[in-house]
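Below, each chain spelled out in residue letters.
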Amino acid sequence: MADRVTVIGWDGSPLTAAARSALSAATLVAGAAHHLALPEVPPGAERIRLGSVDLAARRIAGHRGTAVVLADGDPGFFGVVRTLRAPEHGLEVEVVPAVSSVAAAFARAGMPWEDARIVVAHQRTLRRAVNVCRAHTKVAVLTSPGAGPAELALLLDGVHRTFVICEELGTAREQVSVLTSDKAADHTWRDPNVVLVIGGTTGGPPAAPWLMGQDPTARPVRGWGLPTEEYDPQGYAPGTAARDGSWTGAGEDPSLRAAQLARLGPRTGDLVWDIGCASGAFSVEAARFGAAVIAVDIDPAACARTEQSARRHGVLLQAVPGRAPHVLESLPEPDVVRIAAGGVPVVTACTDRRPERIVAHASTRDEAEAIGAALADGGYTVESLLLQTVGLDPHDWSERERSVVFLLAGRRADVPHP
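Residues numbered from 1 in each chain as written. Predicted model: local features only at pLDDT ≥ 70, side-chain atom pairs only at ≥ 80, totals over all residues. Heavy atoms only, no water.

Engineer: Sorry, what's going on with the pattern of salt bridges here?
Structural biologist: Side-chain pairs of opposite charge can arise whenever the charged atoms involved come near each other. Counted under the stated rule, the structure contains 19 salt bridges. A salt bridge links Asp115 to Lys138, with the nearest nitrogen and oxygen atoms 3.0 Å apart. Pair noted here: Asp115 is in the loop between helix H5 (101-109) and strand S6 (117-120) and Lys138 is in strand S7 (residues 138-142), with a separation of 23 residues, a long-range link. Taking the relative accessible area as the measure of exposure, Asp115 reaches 14% and is therefore buried. (Salt bridge = Lys/Arg side-chain N within 4 Å of Asp/Glu carboxyl O. Helix = DSSP H or I, 4+ residues; strand = E, 2+ residues; numbered from the N terminus. Buried < 20%, exposed > 50% of the residue type's maximum accessible area, 1.4 Å probe, protein only.)

Engineer: Looking at this model, I keep getting lost on the pairing of strand S15 (residues 357-362). Mind explaining?
Structural biologist: Residues in a regular strand project their side chains so that they alternate between the two faces of the sheet. Of all six residues that make up S15, six are buried, and the element is covered over most of its length. Side chains of S15 alternate between two faces, with Arg357, Val359 and His361 and Ile358, Ala360 and Ala362 buried alike. Here strand S14 (residues 336-339) runs beside S15; their pairing, made up of four bridges, is parallel. Looking across to S15, one finds that Val337 is bridged to Ile358. (Pairing = 2+ DSSP bridges.)

Engineer: Please clarify how the environment of Asp157 should be interpreted in this entry.
Structural biologist: Locating Asp157 in the fold gives a position in the loop between helix H7 (149-155) and strand S8 (162-167). Between the C-alpha atom of Asp157 and that of Asp182, which follows or precedes it by 25 residues, the distance is 7.4 Å.

Engineer: Is there a simple way to think about the packing of aromatic side chains in this case?
Structural biologist: The geometry of an aromatic ring pair comes down to the distance between the two centres and the angle between the two planes. Using the criterion set out here, one finds three aromatic pairs in the structure. Arranged with centres 5.9 Å apart and planes meeting at 5°, the rings of Phe106 and Trp113 form a pair that is stacked. On the accessibility criterion, Phe106 (0% relative accessible area) is buried. Here Trp224 and Phe289 contribute two aromatic rings whose centre-to-centre distance is 4.1 Å and whose plane-to-plane angle is 15°, an arrangement assigned as stacked. Of this pair, Trp224 sits in the loop between strand S10 (193-198) and helix H9 (254-264) while Phe289 is found in the loop between helix H10 (281-288) and strand S12 (292-297), placing the two residues 65 residues apart along the sequence. Directly above the aromatic system of Trp224 lies the positively charged group of Arg288, at a separation of 4.1 Å from the ring centroid. (Phe/Tyr/Trp six-rings, centres within 6.5 Å; stacked < 30°, edge-to-face > 60°. Lys NZ or Arg CZ within 6 Å of the ring centre and 35° of its normal.)

Engineer: Is there a simple way to explain the side chain of Thr228 in this structure?
Structural biologist: Within the secondary structure layout, Thr228 lies in the loop between S10 and H9. A distance of 3.1 Å separates the side chain of Thr228 from the backbone oxygen of Glu252, its partner in a polar contact. (Polar contact = N/O pair within 3.5 Å; in protein donor to acceptor, adjacent residues only side chain to side chain.)

Engineer: Explanation requested: the sheet that holds S8 in the structure shown.
Structural biologist: The strands that make up a sheet are held in pairs by hydrogen bonds between backbone atoms, and each pair lies either parallel or antiparallel. What the five strands build is an open sheet, ordered S6-S7-S10-S8-S9; its pairing is mixed. The open sheet has two free edges, formed respectively by S6 and strand S9 (175-180), since each of these has just one partner strand. Averaged over all adjacent pairs, the angle separating strand axes in this sheet is 20°, with direction ignored. (Axes fitted to C-alpha atoms, helices over the stretch in contact; angles between N-to-C directions.)

Engineer: For this particular structure, what's the right way to read the sheet that holds S15?
Structural biologist: The sheet built from seven strands is open, its strands ordered S13-S12-S11-S14-S15-S17-S16 with mixed pairing. Of all strands in the sheet, those bounded by a partner on one side alone are strand S13 (318-321) and strand S16 (380-392). Neighbouring strand axes in the sheet, compared pairwise and without regard to direction, differ in orientation by 15° on average. Of the strands in this sheet, S12 and S13 touch helix H11 (residues 300-312), which is tilted by about 175° from S13. Those strands touched by helix H13 (residues 365-377) are S15, S16 and strand S17 (399-412), and its axis lies near 20° from that of S17. (Contact = heavy atoms within 4.5 Å.)

Engineer: What am I meant to see in H10 here?
Structural biologist: Every α-helix carries 3.6 residues per turn, so stepping three or four residues along brings you back to the same face. With eight of its eight residues buried, H10 lies for the most part within the structure. Restricting attention to buried positions, one finds in H10 the residues Ala281, Phe282, Ser283, Val284, Glu285, Ala286, Ala287 and Arg288. Elements in contact with the buried residues of H10: H9, strand S11 (271-275), S12, H11 and S14. Count one or two residues on from H10 and you reach Gly290, which has phi positive near 100°.

Engineer: Would you mind going over unusual backbone geometry with me for this structure?
Structural biologist: Leaving glycine out, the prevailing phi sign among residues is negative, and the prevailing peptide bond configuration is trans. Residue Pro192 follows Asp191 across a cis peptide bond; omega there is -5°. Relative to the assigned elements, Pro192 resides in the loop between helix H8 (181-184) and S10. Residue Ala324 is joined to Pro325 through a cis peptide bond whose omega torsion reads 10°. Along the chain, Pro325 turns up in the loop between S13 and S14. Non-glycine residue Arg354 carries a positive phi angle of around 60°. Exposure remark for Arg354: the relative accessible area of 32% places this residue in the partly exposed category. The phi angle at Trp397 is positive, at roughly 60°, despite the residue not being glycine. Counting through the fold element by element, Trp397 comes out in the loop between S16 and S17.

Engineer: Would you mind going over the pairing of S8 with me for this structure?
Structural biologist: Most of S8 is tucked away: five of the six residues are buried. As defined by bridge partners, S8 adjoins S9 across six bridges and the pair is classed as antiparallel. In the sheet register, Glu167 faces S9, and the bridge partner there is Gln175. As paired elements, S8 and S10 share six bridges and run antiparallel to each other. Residue pairing for S10: Cys166 is matched across the bridge by Val194.

The structure is reproduced here in structure tokens:
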């Protein structure tokens, strides 16, 4: 019974001496069709075409002899090593790596990549991969059948990016194509391929990166629920209103914003709707968590203000001017939603789209009860709070300002509570 397997990475270049030595001694070789066709594979070795790595691992564990698995690039990087090392297989794994497909793709593009986000796109995870591409300026997407460049482009509708599509890296059929995202759906692409999704300007001067996947232009701000002036230094005046009443002093209160963020928990891979974005403070803070954000407001000036704030803080978001709930019909599916304008009709429209969590606020008890009822009718478990914030002068402890607001938070009833 085999208790050891050697995993050899292949990037199209000649195999190393260590890889050739391990492969020549193999009595079982597993890999894709192009791996099994390599001349170094011993003619007498049993060959397994890799489909399910888990099933292959069971075959290897039951094999009497020396087993080798061939895989593209670095098999320890989003590769087969994780599955082969699962405790139930009892295999000791030795790895002979090659250049990863991501490293090769960025090399073909002549770009550094320590600041890149790297995602794997399957049909079940494609939407989350697209949200990462919405939120970040440089993303490498490891694609799969049904979740390739064309599907990425279709789901990025309305967001401009440049695609560097690397097909069959390391083979005689290797091809690298550079085109805008709106053109990618017009082509048929060969598997396997890696897509570099580049674009979206965050504005600030680049700093020396020190953390993998971190945008060097992002502004390093400490803290959340910051004063509104941090996001709108032009001086949006709380208490003024846009044409639909979307700007209210209570809705812009930093303490309310912090409570809303805590209940929504935006994270990388999520899409956040911010309906009634006003100064853009909530949108920018949600984007700082790594989430993709679509900021909606009836007032184009509010959308412009939100975009300016995003650039100042080095984050990406999409601002969409329009009246909710009608403008929401064409937007992609959200994971969490913050509603600051529109009342019950917008709440109902959002519950119909089934995001995991929704927050809204109200200035009166009647309005709060109506929103809470709309959330409950939509299948959400409702939390209701009355938040009161009093700003004090630190010199004489006199009251400077007061904010009183109802917070309504809905969690979809069919989603288990963490």
